[in-house]
Amino acid sequence: MTEDKNTNPMIEMDNVHKSFGPKQVLKGFDLSIAKGKSLVIIGGSGTGKSVALKCILGILKPDTGLIRVDGTEVTSLSSRQRKPILAKIGMLFQGAALFDSIPVWQNVAFGLIQGKGMNKKDAHEIAIEKLRRVGLTPDVGDLSPSELSGGMQKRVGLARAIASEPEIIFFDEPTTGLDPIMADVINDLIVECVRDLGATTLSITHDMASARKIADRIAMLYQGKIIWEGDKAEIDTSGNDYVDQFIHGRAQGPIEMQLLKP
Amino acid sequence: MTNPLATIGRVFLNALAEIGRLSRFAGIAIVHIVRPPIYWRLALQQMWLIGYNSLPVVGLTALFTGAALAQQIFVGGSRFNAESVVPGVVVIAIVRELGPVLGGLMVAGRVSSAMAAELGTMRVTEQIDALTTLSTDPINYLVVPRLIAAVLTLPLLVLVANIIGVLGGFLIGTERLGLNAGTYLTVTADFLEKADIVSSMVKAAVFGFIIALMGSYHGYNSRGGAQGVGKATTNAVVSAFIMILLANLIITVIVFGDQV
């Protein structure tokens, strides 16, 4: 766990705590991703994976702890100071989160037009190019997001996430809700796009096939803490009972499903 | 059984917390109004949705109310041989109270609910979070255009409502109650003062702010899927109604309270 620490990590979370009322979600969350590396956080539903992402984005404010993005401490920034940080980040949302009031190409170009003030004609060209990059024809650009299938929406979401060529990309459960073949197609696209951009990525998923494909390193989140982290190749020989139970999807093991808890 | 005092206390504390959250949201929204970027194109789009599309319902409401008002005042006034007060009372009642209040309530029913449903759906489908990741402040992009549009549009709508309301009274008065058309208009013009119109427009602008604020606030903070969006929509309309009526009372007391 101490290798390649000589370069500054792109994303660093240090002892982050976050509670909602009496419910503690993150309890001393630590994380470090080296520049250009892909970390996948695995963990069950409701373990706080999305909360960690939203803390980095500044959508949620952690109770205590430090978060650094490319060396800048972000938890104390105002929304205006955070803008240059956010400009480095693209994100693919679980449900794609496309804006349904505007056509597909404007979705892809949104960050360029609204965020960076690019003119519409140039942004349209880039949007079409990015759509092509994720395997969609230019005519899809004129459709409304609601006319697309789930797999196509994910592709558009990916195109939107990479449109401004970010240094950091977050993937929130990129394969949830897709059939296994489409899931693999999306995984391949993610790997290709990330390689093209040389981006640092942080993904959260509970799909092990996806994790194995897109990760350099894998970390397991359980009860608000990272309980194991290692290279992708080490996941099968982690010797950690929690990790073993999760990657094999067993109902029996040290992880108890807290079904009765609200 | 829980202690009834504890229940009262909890309800009271929850209400205070809600007022605090709403005030904070309103404060943030107002700060963002004076802080660029302002998305004027979106504001214009909202003005169209709020203003033009509300014209039929607001106009009909004013027409029927003005007409019914004239009929009632005529019946009531005739007991004192004072049928001639009809134009004066109609114009004062419409411009000072009924135009802004009924117009505001009708628009609140249409617009607060639509805003809460739209922003609520955007919240639960993570579209609002997506705005943040695309370097766009969701308050600037979603809330500010709605506030600006509603504050600018409601006075225009209420102006139209006032005119149509007076027209409703005029139609009943001249066609059914046998009042002289020329006299009706002269009396209407004589009774109407500048303060009436100004207070009417101020009320309309305040109601517009309330309508957009309640729609945005409840939608923006909705939680928990389809049911949460439904709840946000209901809460937006109910709270907008109550706040409009309360604000109306406050403005009326301030503007007309010391007139005898």
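Before reading on, note that the structure itself is shown above.
Because the structure is predicted, anything quoted here is derived from the model rather than measured. Along each chain, residue indices are assigned from 1 in the same order as the chain's sequence is written. Going through the entries in the order they are written, you letter the chains from A and number the ligands from 1. Confidence filtering applies because this is a predicted model: local features only for residues at pLDDT of at least 70, side-chain atom pairs given and counted only at 80 or more, and all residues used for totals across whole chains, interfaces and linings.

### So, the interface of chain A and chain B
Okay, so step 1: Chain A puts 17 residues into the contact, and the matching count from chain B is eleven residues.
Okay, so step 2: For the side of chain A that touches chain B, the secondary structure elements donating two or more residues are α2 (83-86), β6 (89-92) and α3 (104-115) of chain A.
Okay, so step 3: The greatest single-element share of the side of chain A that touches chain B, amounting to four residues, is contributed by α3 of chain A. We call two residues in contact whenever the C-beta atoms placed from their backbones are within 7 Å. The helix count covers DSSP runs of H or I at least four residues long, the strand count covers runs of E at least two residues long, and both are numbered beginning at the N terminus.

### Describing the sheet that holds strand β4 (residues 64-69) of chain A
Strands in a sheet are paired, the pairing made by backbone hydrogen bonds, and the direction either parallel or antiparallel.
Residues and elements named next belong to chain A.
Okay, so step 1: As summarised here, the arrangement of the four strands in space is β2-β1-β4-β5, forming an open sheet in which the pairing is antiparallel. The sheet is open, and its two borders are formed by β2 (23-34) and β5 (72-73), each paired with just one other strand.
Okay, so step 2: Sheet topology note: the β4/β5 ladder contains two bridges and is antiparallel. Paired with R68 across the bridge in β5 is E73.
Okay, so step 3: Packed on one face of the sheet, helix α1 (residues 49-57) meets β1 (9-20), β2 and β4 and runs near 115° to β1. Following DSSP output, two strands are said to pair if at least two bridges run between them. Interaxial angles span 0 to 180 degrees and are taken between N-to-C directions of axes, which are lines fitted to C-alpha atoms, for helices over the stretch in contact.

### Quick word on helix α4 (residues 86-124) of chain B
Okay, so step 1: Two axes enter the bend calculation: one fitted to the seven residues ending at the residue in question, the other to the seven starting there, and the bend is the angle between them. Helix geometry: α4 of chain B is bent most strongly at I94 of chain B, by close to 55°.
Okay, so step 2: E126 of chain B lies just past α4 of chain B and shows a positive phi near 65°.

### Details of the sheet that holds strand β9 (residues 217-222) of chain A
All names here are of chain A.
Okay, so step 1: Judged by pairing direction, the sheet is mixed, and its six strands sit side by side in the order β6-β7-β8-β3-β9-β10 without closing on themselves. Both edges of this open sheet fall to β6 and β10 (225-231), since each of them pairs with a single strand only. For this sheet, the mean inter-axis angle between neighbouring strands, taken without regard to orientation, is 15°.
Okay, so step 2: Relative to β10, β9 runs antiparallel, the two sharing six bridges. The residue of β10 that forms the bridge with M220 is W228.
Okay, so step 3: Seen against the sheet, helix α5 (residues 150-162) touches β6 and β7 (168-172) and runs at an angle of roughly 175° to β6.

### Remarks on the nonpolar core
Okay, so step 1: The term nonpolar core means buried Ala, Val, Leu, Ile, Met, Phe, Trp, Tyr and Cys residues held together as one set by C-beta atoms within 7 Å. Put simply, a residue is buried when 20 or more other C-beta atoms lie within 10 Å of its own C-beta and exposed when 12 or fewer do; between those, it is partly exposed, and each C-beta is set from the backbone. Counting residues in each nonpolar core, the largest one holds 140 residues, and the members touching the most others are V108 of chain A together with L147, A150, I210, I211 and A240 of chain B.
Okay, so step 2: Among the elements that make up this core, the one with the highest residue count is helix α6 (residues 138-175) of chain B (18 residues).
Okay, so step 3: Beyond its immediate stretch of four places on either side in the chain, I211 of chain B contacts G104, V107, A108, V111, S112, A150 and A240 of chain B.

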